[in-house]
Amino acid sequence: LALINEVLDMNKIESGKVELHEEEFCLAELIDGMLAMTRPQIQAHEHSFRVNIVNVEHEQVIGDSRRLQQVFVNIMSNAIKYTPNGGKISLTVKESATKAHDFGHFQFIFEDNGYGLTTDFQKHLFEPFARANDKKTAGIQGTGLGLAITKSLVDLMGGTVDVLTSTGSGTTMIIRLRPRLA
């Protein structure tokens, strides 16, 4: 079912039929929900997990909370899968000052000390069905759609996704968004 849902999501995104729903929501509750969904995986892999909050003054924002949670769960799932057991994963939520009074400027920084990615694969990271192809990750299950969906949704939200990674030194994914403040 997860595979079918991801294929359907990708199809909607590619055909331009995904609409974002504007609603007021609390960032802390959204992150708590994401943790509730991923905590069993974190525990099964015996990862340590830490959340850091930096200068967050506005927890209430307006946007599509369901799609944003989908983005966060996709990134966390990859961090969990591609970090060897007992690894470290963190999420830093950072709000930066902005001159636009109605909008916030947030960075959501997901870091792990996992396998990392080769320079060659980084070029294909957000392509549908793209999967890293090496001995360390060969047995890890996945569709290769999660990051393609993530990138497309963040683009629809007017944000950006940056990836800092290299083989053997983990991965940092930075989501930058400017949601309306509630």
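Residues numbered from 1 in each chain as written. Predicted model: local features only at pLDDT ≥ 70, side-chain atom pairs only at ≥ 80, totals over all residues. Heavy atoms only, no water.

### Side note on the overall build of the chain
For step 1, the next point in the chain: When helices and strands are tallied, the chain shows 5 helices and 8 strands.
For step 2, the next point in the chain: The order of helices and strands in the chain, counted from the N terminus, is α-β-α-β-β-α-β-β-α-α-β-β-β.
For step 3, the next point in the chain: Expressed as a percentage of the 182 residues in the chain, the buried residues total 43%.
For step 4, the next point in the chain: Taking contacts inside the chain between residues at least 6 apart in sequence as the whole, the part at least 24 apart equals 74%.
For step 5, the next point in the chain: If you sum the accessible surface of the chain, you get close to 10,100 Å²; carbon and sulfur atoms cover 50% of it. (Helix = DSSP H or I, 4+ residues; strand = E, 2+ residues; numbered from the N terminus. Buried < 20%, exposed > 50% of the residue type's maximum accessible area, 1.4 Å probe, protein only. Contact = heavy atoms within 4.5 Å. Areas by Shrake-Rupley, 256 points an atom, 1.4 Å probe, with all protein chains shown as cover.)

### Some points on the nonpolar core
Taken as a class, soluble globular proteins show a tendency for nonpolar side chains to be buried jointly.
For step 1, the next point in the chain: Of all hydrophobic cores here, the largest spans 36 residues; its most connected members are Met34, Phe72, Phe108, Phe110 and Ile175.
For step 2, the next point in the chain: For this core, the element with the most residues is helix 3 (residues 65-81), which contributes 8 residues. (Core = buried A, V, L, I, M, F, W, Y, C linked by side-chain atoms within 4.5 Å.)

### Concerning the environment of Gly63
For step 1, the next point in the chain: As for its placement among the helices and strands, Gly63 is situated in strand 3 (residues 60-63).
For step 2, the next point in the chain: According to the relative accessible area criterion, Gly63 is buried, its value standing at 11%.
For step 3, the next point in the chain: C-alpha of Gly63 to C-alpha of Phe25: the two residues are 38 residues apart in sequence and 7.5 Å apart in space.
For step 4, the next point in the chain: When sequence neighbours within four positions are dropped, the list of residues in contact with Gly63 reads His21, Glu22, Glu23 and Phe25.

By themselves, these figures tell us nothing about what the structure is for.
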